[in-house]
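Descriptive structure summary
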Amino acid sequence: KYGVSVSDLIGITAEWSRAGYGLPDAHALAEAAALYSHITGMDPGASSEALASTMQGLQLEAGEVTQLLDMLAKTGNDLSLDPAGIGKALQESAASFRAAHTELSQSVALTAGADSILQDPAAVADLWNAVEARIYGTRQELEAAGMATDGMLSSAAQLRDLVQELTGFDIMADSAGTQLKDLYSIVVGIGSEWQNLSTSGQGRLLEALAGSRGDALGSVLDSVSAIGTAYQSAENASGSALAAQKEYEQGIRYSLGRLQASFQQFADTLAGDGLLKGVLDFGNGTVNVLDFITDKTGALGTLGAIGGAVAGAKGAGLT
């Protein structure tokens, strides 16, 4: 079905099972990893590890994985990006998105939108990790983690005041100022007013929100519509992963993978009786005969001998 070997699929299923998933979920996740490998070009084992890390970071349930793959395939296609790059950046910033109360489609949109601008998945992950830490963390937490705090305001209340002063946008979800909005809403909200700010105002915000990653955030906010485009793709991505699989099925790698998987199934079925041994012994004997002929007559002589044998068999009514 997915063009991967039976042994690979069994091994990946076992890994998911050891991670605590029941057999039905482990099997479904192994198939998802095979599908992910075709979307990203990774081998099945690496795609399974990447998928597990992303799921853990975002706290996704097994039933949400197909939705994630759909979004990666769709945003990659619509924004002309490598889904593997989007997936890698998402994997490395997943915990930050969860801490910033950001939903799956919003997380994918922030990742894909920023990647379409920066063209560097590693820089995208570094950017959102830094922005999340400065908005949702505290100076003490950042210092304990060894992160730079230059230009960071001492409280969320001060950051709220600064953003409102410059853009009129409120980063808080409630009037009392006890709950911050999700990261997607904050970035898009600030981005909608970004072009109206003075150069000094933009600089003050970038220093407070991103510190040393200010240049990267500035580039994203300059083209914040890319994040909105990515969000629309992520929200309308149903079926995109299977569509990508159908496209993969047109290639030679899929056909070779199916052939390998089919032979493994064939071998498993026949290993217990004498037919498989007979087939292999016959093949081995044929190769030995051809080696002997080649040794005596050379390659052209071998072809002549084979041609003569075939002609003789036809003359005798054997073919």
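Structure: see above.
In this report, the structure presented in the accompanying data block is examined. Please read all numbers here as calculations on a predicted model, not as lab measurements. (Residues numbered from 1 in each chain as written. Predicted model: local features only at pLDDT ≥ 70, side-chain atom pairs only at ≥ 80, totals over all residues. Heavy atoms only, no water.)

**Quick word on the overall build of the chain**
- Looking only at helices and strands, the chain has 16 helices and zero strands in total.
- Here the chain holds 319 residues, and 42% of them are scored as buried.
- Contacts in the chain between residues at least 24 apart in sequence constitute 65% of all its contacts with a sequence separation of at least 6.
- Counting only carbon and sulfur atoms, one obtains 53% of the accessible surface of the chain, whose full area is about 16200 Å². (Helix = DSSP H or I, 4+ residues; strand = E, 2+ residues; numbered from the N terminus. Buried < 20%, exposed > 50% of the residue type's maximum accessible area, 1.4 Å probe, protein only. Contact = heavy atoms within 4.5 Å. Areas by Shrake-Rupley, 256 points an atom, 1.4 Å probe, with all protein chains shown as cover.)

**What about the nonpolar core?**
- In terms of nonpolar packing, the biggest core is built from 75 residues, with W128 and L183 touching the most fellow members.
- For W128, the residues in contact, after removing those within four places along its chain, are S96, F97, L110, T111, A114, L183, V187, L217, V220 and I227. (Core = buried A, V, L, I, M, F, W, Y, C linked by side-chain atoms within 4.5 Å.)

**Quick look at unusual backbone geometry**
- Unlike most non-glycine residues, Q59 shows phi in positive territory, near 60°.
- For Q59, a relative accessible area of 51% corresponds to the exposed category.
- The phi torsion at H101 lies on the positive side, around 60°, for a residue other than glycine.
- Note on placement: H101 falls in the loop between α5 (83-99) and α6 (104-118).

**Structural notes on the side chain of S96**
- Residue position: S96 is located in helix α5.
- Separated by 2.6 Å, the side chains of S96 and N129 make a polar contact.
- Setting aside its immediate chain neighbours within four residues, S96 contacts W128, N129 and E132. (Polar contact = N/O pair within 3.5 Å; in protein donor to acceptor, adjacent residues only side chain to side chain.)

**Thoughts on the side chain of T40**
- As for its placement among the helices and strands, T40 is situated in helix α2 (residues 23-40).
- Of the polar contacts made by the side chain of T40, one reaches the backbone oxygen of Y36; its length is 2.8 Å.
- Reaching out from T40, the side chain makes a polar contact with the backbone nitrogen of M42 at a distance of 3.3 Å.

**Observations concerning the environment of A130**
- Topologically, A130 is positioned in helix α7 (residues 121-136).
- Along the sequence, A130 and A210 sit 80 residues apart, while their C-alpha atoms lie 5.9 Å from each other.
- Once you skip the residues sitting within four places of it in the chain, A130 turns out to touch M147, L209, A210 and R213.

**Considering the packing of helix α3 (residues 44-58) against α5**
- At their nearest, the axes of α3 and α5 sit 7 Å apart, and the two run at 20° to each other. Between α3 and α5, the interaxial angle falls into the category roughly parallel. The two elements α3 and α5 cross, and the hand of that crossing is left-handed. In contact with A50, S53, T54, Q56, G57 and L58 of α3, α5 contributes G87, L90, Q91, A94, A95, F97 and R98.
- Here the contact of α3 with α5 is composed, by residue class, of six nonpolar, six polar and one charged. (Axes fitted to C-alpha atoms, helices over the stretch in contact; angles between N-to-C directions. Parallel < 35°, antiparallel > 145°, perpendicular 65-115°, else oblique. Left-handed = near helix turned anticlockwise from the far one by under 90°. Nonpolar A, V, L, I, M, F, W, Y, C, P; charged D, E, K, R; others polar.)

**Points about the packing of aromatic side chains**
- Applying the stated rule across the entire model yields two aromatic pairs.
- Pairing W16 with Y21 gives two aromatic rings, centres 5.5 Å apart and planes at 75°, and the pair type is edge-to-face.
- The class for Y21 is partly exposed, based on a relative accessible area of 23%.
- Ring centres of Y184 and Y231 lie 5.0 Å apart, and the angle between their planes is 35°; on these two criteria the pair is classed as tilted. Placement of the pair is Y184 in helix α10 (residues 183-191) and Y231 in helix α13 (residues 225-235), with a sequence separation of 47 residues. (Phe/Tyr/Trp six-rings, centres within 6.5 Å; stacked < 30°, edge-to-face > 60°.)

**Structural notes on α2**
- The terminal C-alpha atoms of α2, which comprises 18 residues, lie 25 Å apart, in line with the 26 Å expected from a rise of 1.5 Å per residue.
- Among the 18 residues of α2, 13 are classified as buried, and the element is accordingly described as predominantly covered.
- At the C-terminal side of α2, G41 shows a positive phi close to 85°. (Expected span 1.5 Å × (residues − 1).)

**Overview of the packing of α5 against α6**
- Following both chains from N to C, one finds α5 and α6 inclined at 130°, their axes separated by 10 Å at the closest point. The angle between α5 and α6 places the two elements in the oblique class. With respect to the hand of their crossing, α5 and α6 are arranged in right-handed fashion. Every residue of α6 that contacts α5 at I86, A89, L90 and F97 is listed here: S107, V108, L110, T111, A112 and D115.
- Tallied by class, the residues present in the contact of α5 with α6 amount to seven nonpolar, two polar and one charged.

**Brief notes about the environment of L205**
- Within the secondary structure, L205 sits in helix α11 (residues 199-210).
- Separated by 43 residues in the primary sequence, L205 and L162 place their C-alpha atoms 7.7 Å from one another.
- Sequence-distant contacts of L205, that is, excluding residues within four places in its chain, are made with L162, V163, L166, T167, I190, W194 and L197.

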